[in-house]
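The primary structure of each chain is shown beneath.
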Amino acid sequence: DVKVTQSSRYLVKRTGEKVFLECVQDMDHENMFWYRQDPGLGLRLIYFSYDVKMKEKGDIPEGYSVSREKKERFSLILESASTNQTSMYLCASSTGTAVYNEQFFGPGTRLTVL
Amino acid sequence: KNQVEQSPQSLIILEGKNCTLQCNYTVSPFSNLRWYKQDTGRGPVSLTIMTFSENTKSNGRYTATLDADTKQSSLHITASQLSDSASYICVVTPLTGGGNKLTFGTGTQLKVEL
C-alpha cells in the first residue's frame, strides 16, 4: 500500500513564525504536491515537484516555498505565517506523467495561526 | 475558468438507504473524472476513475456514471452504511496537463444515521 505521511496532524503557530510542514512517501513516486483545503473551496494547489530539487508554482504559491532534497520528502515552508494561512494542508504523491495516475494523499495537517 | 460544482452541499440519510451525489463540470476537453472519499481528519482516497469514453464504473456499493455530452457525473451509493459518512469529492483532469492541472469540487458532506 502507498503510504504518505505528514509530520504533524495539528499545529498551532503564532503570526510571523516560520513554519515547516513535512511530507514523506514510501512508494518511490516522482511527483509530489502540496494543497490547502478550506471550507467551501475545493483543494487548491500550492506547489508541486516532478523530481528532486525541482519545484513548480501551483495556483496559490504566495507566502509559501518548498524544498525537495530527497525523492521521498517534500517540505512546505511558510516563511512568515499569517492568520490567513490557517487551513488544512494536504500532501499528495503520484507516479509518472500520465494524467490517469492517481494522487495518493496524506492525512493532512491542520494548521492554526494565531 | 475550469470549474467543478457538486450538489447537494450536504446530505443526511438513514442507514440502508440509497443516495446519489451530483457533479457538474466545465473542464473541456477532459481526460478523466475521479470520485474521492474523504473521511473526517483524513486525506482523500480514490473510489472510481472514468475516462471521457466511459459512462459507468463500480466499486462495491459505489457506482459512478458519466455523461460527457452534458458534462455531468453522479455517484450512487447503495445500501448505505454508517462508514459511508464522509465528504465525497469530484475531481476532473483536463486532456492537456498533468497532475498539477486537477480541478477539485468542493465536495458533498454525507452523513448516514441510524
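Residues numbered from 1 in each chain as written. Chains lettered and ligands numbered in written order. Predicted model: local features only at pLDDT ≥ 70, side-chain atom pairs only at ≥ 80, totals over all residues. Heavy atoms only, no water.

### Let's talk about the state of the cysteines
Overall, the coordinates contain two disulfides over all chains when judged by the stated rule. Disulfide pairing places Cys-23 of chain A opposite Cys-91 of chain A at an S-S distance of 1.9 Å. Classification of the bridge connecting Cys-23 of chain A and Cys-91 of chain A rests on its S-S torsion, roughly -75 degrees, and on that basis the disulfide is left-handed. Here Cys-91 of chain A lies in strand S9 (residues 87-94) and Cys-23 of chain A lies in strand S3 (residues 19-25), a separation of 68 residues in the sequence. Cys-91 of chain A shares its class with Cys-23 of chain A; the two are buried. Paired by a disulfide, Cys-23 of chain B and Cys-90 of chain B hold their sulfur atoms 2.0 Å apart. Between Cys-23 of chain B and Cys-90 of chain B, the S-S torsion sits near -65 degrees, and that sign places the bridge as left-handed. Placement of Cys-23 of chain B in strand S3 (residues 19-25) and of Cys-90 of chain B in strand S9 (residues 86-94) is noted, with a sequence separation of 67 residues between them. Of the residues examined, Cys-23 of chain B reaches a relative accessible area of 0% and is grouped as buried. (Disulfide = S-S within 2.5 Å. Helix = DSSP H or I, 4+ residues; strand = E, 2+ residues; numbered from the N terminus. Buried < 20%, exposed > 50% of the residue type's maximum accessible area, 1.4 Å probe, protein only.)

### Thoughts on the interface of chain B and chain A
Accessible area lost upon the coming together of the parts serves often as the stated size of an interface. Listed per partner, the contact involves 23 residues of chain B and 20 residues of chain A. Carbon and sulfur atoms make up 54% of the surface buried where chain B meets chain A, a total of about 1,700 Å² over both sides. Considering only the surface of chain B that becomes buried against chain A, Pro-44, Asn-100 and Phe-104 of chain B emerge as the three largest contributors, covering 29% of it. For the pair chain B and chain A, the interface holds four residue pairs in polar contact (both at pLDDT 80 or more). Mapped onto the side of chain B that touches chain A, the elements with two or more residues apiece are strand S4 (30-38), strand S5 (45-51) and S9 of chain B. When the residues that make up the side of chain B that touches chain A are grouped by side-chain class, the tally is seven nonpolar, 14 polar and two charged. (Contact = heavy atoms within 4.5 Å. Buried area = accessible area lost by both parts, 1.4 Å probe. Polar contact = N/O pair within 3.5 Å; in protein donor to acceptor, adjacent residues only side chain to side chain. Nonpolar A, V, L, I, M, F, W, Y, C, P; charged D, E, K, R; others polar.)

### With respect to the pairing of S9 of chain B
Residue and element names in this part refer to chain B. Of all nine residues that make up S9, nine are buried, and the element is covered over most of its length. Burial along S9 is two-sided: the residues Ala-86, Tyr-88, Cys-90, Val-92 and Pro-94 and Ser-87, Ile-89, Val-91 and Thr-93 are all buried. In the sheet, S4 pairs with S9 via eight bridges, with the strands oriented antiparallel. For Phe-30, the partnering residue across the bridge sits in S9 and is Pro-94. The pairing of S9 with strand S11 (residues 108-113) spans three bridges and is classified as antiparallel. The partner of Ala-86 across the bridge, within S11, is Leu-110. (Pairing = 2+ DSSP bridges.)

### Focus: the sheet that holds S3 of chain B
Residue and element names in this part refer to chain B. Taken in spatial order, the five strands of this open sheet run S1-S3-S8-S7-S6, and their pairing is antiparallel. Looking at strand neighbours, the two that pair on one side only are strand S1 (4-7) and strand S6 (56-59), the edges of this open sheet. Across this sheet, the average inter-strand angle for adjacent strands is 15 degrees, counted without regard to direction. With six bridges joining them, S3 and strand S8 (residues 72-77) adopt antiparallel strand pairing. Directly across from Cys-23, in S8, lies its bridge partner Ser-73. (Axes fitted to C-alpha atoms, helices over the stretch in contact; angles between N-to-C directions.)

### Let's talk about the nonpolar core
Formed by 23 residues in total, the largest nonpolar core has its most connected members in Tyr-25, Leu-33, Trp-35, Leu-75, Tyr-88 and Val-92 of chain B. Secondary-structure elements contributing two or more residues to this core are S3, S4, S5, strand S7 (62-67), S8, S9 and S11 of chain B. In this structure, Leu-11, Leu-21, Phe-74 and Leu-76 of chain A belong to the second largest nonpolar core, which totals 20 residues. (Core = buried A, V, L, I, M, F, W, Y, C linked by side-chain atoms within 4.5 Å.)

### Considering the pattern of salt bridges
All names here are of chain A. By the definition in use, this model includes ten salt bridges over all chains. Note that Asp-38 is salt-bridged to Arg-36, the shortest N-O span being 2.9 Å. Assigned by exposure class, Asp-38 and Arg-36 land together as buried. The salt bridge partner of Glu-69 is Lys-53, with a shortest N-O separation of 2.4 Å. Of this pair, Glu-69 sits in strand S7 (residues 64-70) while Lys-53 sits in the loop between strand S5 (44-49) and strand S6 (56-57), and the two are 16 residues apart along the sequence. The two residues Glu-69 and Lys-53 agree in class, both being exposed. (Salt bridge = Lys/Arg side-chain N within 4 Å of Asp/Glu carboxyl O.)

Everything listed is a geometric property; what it means functionally is a separate question.
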